[in-house]
Amino acid sequence: MSLLELDGVKVHFPIKKGLLFDRTVGHVYAVDGVSLKVEAGETYGLVGESGCGKTTLGRSVLRLVDITEGSVVLDGTDLAKLPGEEMRRFRRRLQMVFQDPLGSLNPRQNIESILSEGMIAHGIGKDQEERREKIKAILDKVGLPSNALARYPHEFSGGQRQRIGIARALVLEPDVIICDEPVSALDVSVQAQVINLLEELQEELGLTYVVIAHDLAVVRHISDTIGVMYLGSLVEEAPSDALYAEPKHPYTKALMSAVPVPDPEVEDKRERILLTGDLPSPANPPTGCRFHTRCPWAQAERCATERPQLRDVGGGHRVACHYAEDIASGKLTLTKGEVVSATREGVDDNPETDTPAKIPAQAEKISKAEKPAKTEKPAEAEKSAQAEKPVKAEKAEKAEKAEKPVKAEKAEKPAKAEGAEKPAEAEKAAEAAEGEKSVEAGKPAQAEKPAEADDAPAEAEASDAPAEAEASDAPEASEEPGKAV
Ligand SMILES: Nc1ncnc2c1ncn2[C@@H]1O[C@H](COP(=O)(O)OP(=O)(O)OP(=O)(O)O)[C@@H](O)[C@H]1O
Ligand code: SF4
Ligand SMILES: [Mg+2]
C-alpha cells in the first residue's frame, strides 16, 4: 500500500444566492474525482493551469476544505472519516507549505512564536527551552540564522519566508509535505535554491512530497511521478521521464509543445500546438471529456458525451482520453487548433491569454536559474548573501516582487468561477481567517510587535495592510494552517 492514497476525491463548493435565505443554485466543481497514489520517500508533482483545482486538492488532503466525496488514506487511515480531534493529531504527519509565503505567516508573531505554535499544539518538546533548541536546528537545516528567532516575517526576503514556511512544516516531523507553488512567488535566482533545499531535506529526512506548480520545469526537476490536472480532474499521470518523453493526453501535448528546449537544433524544429477557446468555468464544466471544447483531436463520437476514465496505457502511464493510442500512432489527425513552428516569426511564446504559455515562460526561467544555483552550494550562498544584505533594501525589493504575482492571481479568480457567489473572496476570506486565528492564538506573550520591528520600510508594511484588514472581518475558516496543521 502507498503512503498516501486518494480515491475519487471531490470538492464541490456550493454557489449560494438570495438576500434573506441562502439558496444553493449550483456548485463550483473545483476537484471532481481525483485518484492518485504517492509512494513513501517520493515526490508527486501536480501541474495544471490556474484555477484547475491544485490548491483545493492539496487543502482537501489536510481537510482544510470539506471533502464532498471520496477517500484520503494516509498510511492505512482514511482521513476523510476521522473525527475533528483525531484529524488534528494526524496533521502532525501531514503538513503544507502554502502558496503565499507572506500571507501564510502571521505578521504579528515572531519566528520563534510561529514555529513553536504547532509544536505546542502537538505536545512536542517538554518546555520552550527544548523547543527553541529544536527550532534552531531546523532553521540551520533550511539555511536561516538562529537570530531569525526574534524577527518578524516582514523582516525577511521572499526566499527566506519560504524557508520559514518549510521550517514550520519540518519542526513537526511530518511524513508528507504538500508544497503549494513553493517557488512561484520567488525571484528566479532563489527558485532553484529552494527547490534544491527541498531535495536535500528529502534525502536527509526521508520526506514524501506532493509538489504543486504551474511550472513544468520545477516539477520535472523534483518529481518521480507527475499528474496533470485540467478542470478539477487528472488527465494524465506518468513517471516524470516518461511524461516528458512522450506526453499522451492532448492537453499535456499542448503544454509540453510550448516549453522551449535548450538545444538550439531541437528548438528550431519545435512545433507548437495552439489551443482554441478559453478555459471553461469549473461551475459549468463541459459534458463528456472536459477538454473536448478545446481538444485539437476531439472526435464527433464519445468526446462530448462520455467522460474518459484515467486508464493505464502501459508502463504506469495513465491517460484520460478515449483516443490516446490512435493519437499516438498518428491514426487521428487534428480536427481543430493549429500546429505551428514555435520559432515562426510572430508566434508569441507567452501570450497572456494563451493557456499553456504561462507554464513555459516560467519553465524557461527556472531552467536558466538551475545551473548556477547548483554549482554554488545554494543554501550557504544564499545564507551569507542574505545575511549581508541590508534588511530594509532587501525587504522593499523582495516584497514588491513577491507580492505582485499573488495579487494578480487572486484578481483572476472571479472570472474563472463565473456564476459562483464570489468564490475568490470566499477563498481570500478563508485564508485571512486562518491568519486571524493565528493572531488570536499568538496574542499573549509573543504576539506584540516590539518597537524595533516598526522601523520597517513603509512599502513593505503597506503591502501587508490589506491582508490584516481582511482578517478582521473574515468568517470562521474550517482550519488554521499555521498552528493546527
Ligand atoms: N472557498 C471557495 N469557494 C468557492 N470556490 C472556490 C473556493 N476555493 C477555490 N474555489 C474555486 O475553485 C477553483 C479551483 O481553485 P484553486 O485555488 O484550487 O486553483 P489552483 O489550481 O490552485 O489555481 P492557482 O494555480 O491559481 O493557484 C477556482 O475556480 C476557484 O475559484
Ligand atoms: S477524449 Fe476526445 S476530447 Fe478528450 S482528450 Fe481525448 S480526443 Fe480529446
Ligand atoms: Mg493554487
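**Q** Could you clarify how one ought to interpret the overall build of the chain in this entry?
**A** When helices and strands are tallied, the chain shows 17 helices and 14 strands. Within the chain, buried positions represent 48% of all 485 residues. Residue pairs at least 24 apart in sequence account for 72% of intrachain contacts in the chain once pairs closer than 6 positions are excluded.

**Q** Would you explain the confidence of the model for the chain in this entry?
**A** Segments scoring low in pLDDT should not have their predicted coordinates read at a detailed level. On average, residues of the chain score 76 in pLDDT, and 70% of them reach the 70 mark or higher. Confidence drops under a pLDDT of 50 for residues 348-485, and excluding neighbours within four residues, the segment shows 218 contacts in the predicted structure.

**Q** What should I look at first to understand the site of ligand 2 in this one?
**A** With respect to spatial proximity, 13 residues lie near ligand 2, and among them C289, H292, C295, C303 and C321 are the closest. Residue classes in the shell around ligand 2 are distributed as ten nonpolar, three polar and no charged.

**Q** I tried to follow the sheet that holds strand β10 (residues 233-239) on my own but got confused; where do I start?
**A** The pairing of strands in a sheet happens through backbone hydrogen bonds and is either parallel or antiparallel. Strand order across the open sheet formed by eight strands is β6-β7-β8-β3-β9-β10-β13-β12, with mixed pairing between neighbours. What marks the edges here is a single partner per strand, and that holds for β6 (94-97) and β12 (311-312). The sheet contact formed by strand β3 (residues 43-47) and strand β8 (residues 208-213) spans five bridges and is parallel. Considered in β8, the bridge of G45 is made with V211.

**Q** How do you make sense of the packing of helix α5 (residues 158-170) against helix α6 (residues 188-205) when you look at a structure like this?
**A** In a pair of packed helices, the angle between the axes and the distance between the axes together describe the arrangement. For the pair α5 and α6, interaxial distance at closest approach is 10 Å and the crossing angle is 20 degrees. Judged by the angle between their axes, α5 and α6 are roughly parallel. Between α5 and α6 lies a crossing of right-handed hand. On α6, the residues touching G158, G159 and Q162 of α5 are V190, Q193 and V194.

**Q** How do you make sense of the sheet that holds strand β2 (residues 23-38) when you look at a structure like this?
**A** Strands sit in the order β2-β1-β4-β5 across an open sheet of four strands; the sheet is antiparallel. Two strands bound the open sheet, and with one partner strand each, they are β2 and β5 (77-78). In terms of strand pairing, strand β4 (residues 69-74) meets β5 through two bridges, oriented antiparallel. Across the sheet, the residue bridging to V73 is D78, located in β5. Contacts from helix α1 (residues 54-61) reach β1 (4-17), β2 and β4 within the one sheet, and its direction differs from that of β2 by about 75 degrees.

**Q** Help me understand helix α4 (residues 128-141), please; the structure alone is not making it clear to me.
**A** The α-helix advances 3.6 residues per turn, and as a result positions three or four apart in sequence lie on the same side. With 14 residues, α4 should cover 20 Å at 1.5 Å per step; its first-to-last C-alpha distance of 20 Å lies within 8% of that length. Looking only at α4, the buried set comprises I135, I138 and L139. Across the axial projection of α4, the buried residues extend over an arc of 100 degrees, all falling on one side. Facing away from the buried side of α4 by more than 90 degrees, the exposed set consists of E129, E130 and E133. Buried residues along α4 sit in contact with α3 (111-121) and α5. Positive backbone phi, at 80 degrees, marks G143, one or two positions downstream of α4.

**Q** I'm lost on α1 in this one. Help?
**A** Counting buried positions along α1 yields eight of eight residues, so the element is predominantly enclosed. Of the residues making up α1, those classed as buried are K54, T55, T56, L57, G58, R59, S60 and V61. Backbone geometry just after α1 places R63 at a positive phi near 55 degrees.

**Q** Any chance you could explain the packing of α3 against α5 here in plain terms?
**A** α5 packs onto α3 with a crossing angle of 30 degrees between their chain directions and a minimal axis gap of 8 Å. Compared by their axis directions, α3 and α5 come out roughly parallel. In this structure, the crossing between α3 and α5 has a hand that is right-handed. Contacts from I111, I114, L115 and G118 of α3 reach α5 at I164, A167 and R168. Here the residues of the contact of α3 with α5 are counted per class, giving five nonpolar, one polar and one charged.

**Q** Which parts of the structure should I look at to understand the nonpolar core?
**A** A general trend in soluble globular proteins is that nonpolar side chains are found buried together. By size, the foremost hydrophobic cluster in this structure holds 105 residues, and its most contacted members are A167 and V210. Residue contributions to this core peak at seven residues, all from β2. Residues from two domains meet in this core; each of domain 1 (4-223 + 349-484) and domain 2 (248-257 + 261-348) gives at least three. Not counting chain neighbours up to four residues away, the residues in contact with A167 comprise L115, I138, L139, V142 and L144.

**Q** Looking at this structure, I do not really get the environment of E237. What am I missing?
**A** The residue E237 is located in strand β10 in this model. Judged by the 26 C-beta atoms lying within 10 Å of it, E237 falls in the buried class. Through-space distance from the C-alpha of E237 to that of T225 is 7.2 Å; in sequence the pair is twelve residues apart. Setting aside residues no more than four positions away along its own chain, E237 makes contact with L36, T225, I226, G227, L310 and R318.

Calculation rules
- Residues numbered from 1 in each chain as written.
- Chains lettered and ligands numbered in written order.
- Predicted model: local features only at pLDDT ≥ 70, side-chain atom pairs only at ≥ 80, totals over all residues.
- Helix = DSSP H or I, 4+ residues; strand = E, 2+ residues; numbered from the N terminus.
- Buried ≥ 20, exposed ≤ 12 C-beta atoms within 10 Å, placed from the backbone.
- Contact = placed C-beta atoms within 7 Å.
- pLDDT = per-residue confidence, 0-100.
- Near = placed C-beta within 6 Å.
- Nonpolar A, V, L, I, M, F, W, Y, C, P; charged D, E, K, R; others polar.
- Pairing = 2+ DSSP bridges.
- Axes fitted to C-alpha atoms, helices over the stretch in contact; angles between N-to-C directions.
- Parallel < 35°, antiparallel > 145°, perpendicular 65-115°, else oblique.
- Left-handed = near helix turned anticlockwise from the far one by under 90°.
- Expected span 1.5 Å × (residues − 1).
- Arc of directions from axis to C-beta.
- Core = buried A, V, L, I, M, F, W, Y, C linked by C-beta atoms within 7 Å.
- Domains from an automatic or database assignment.

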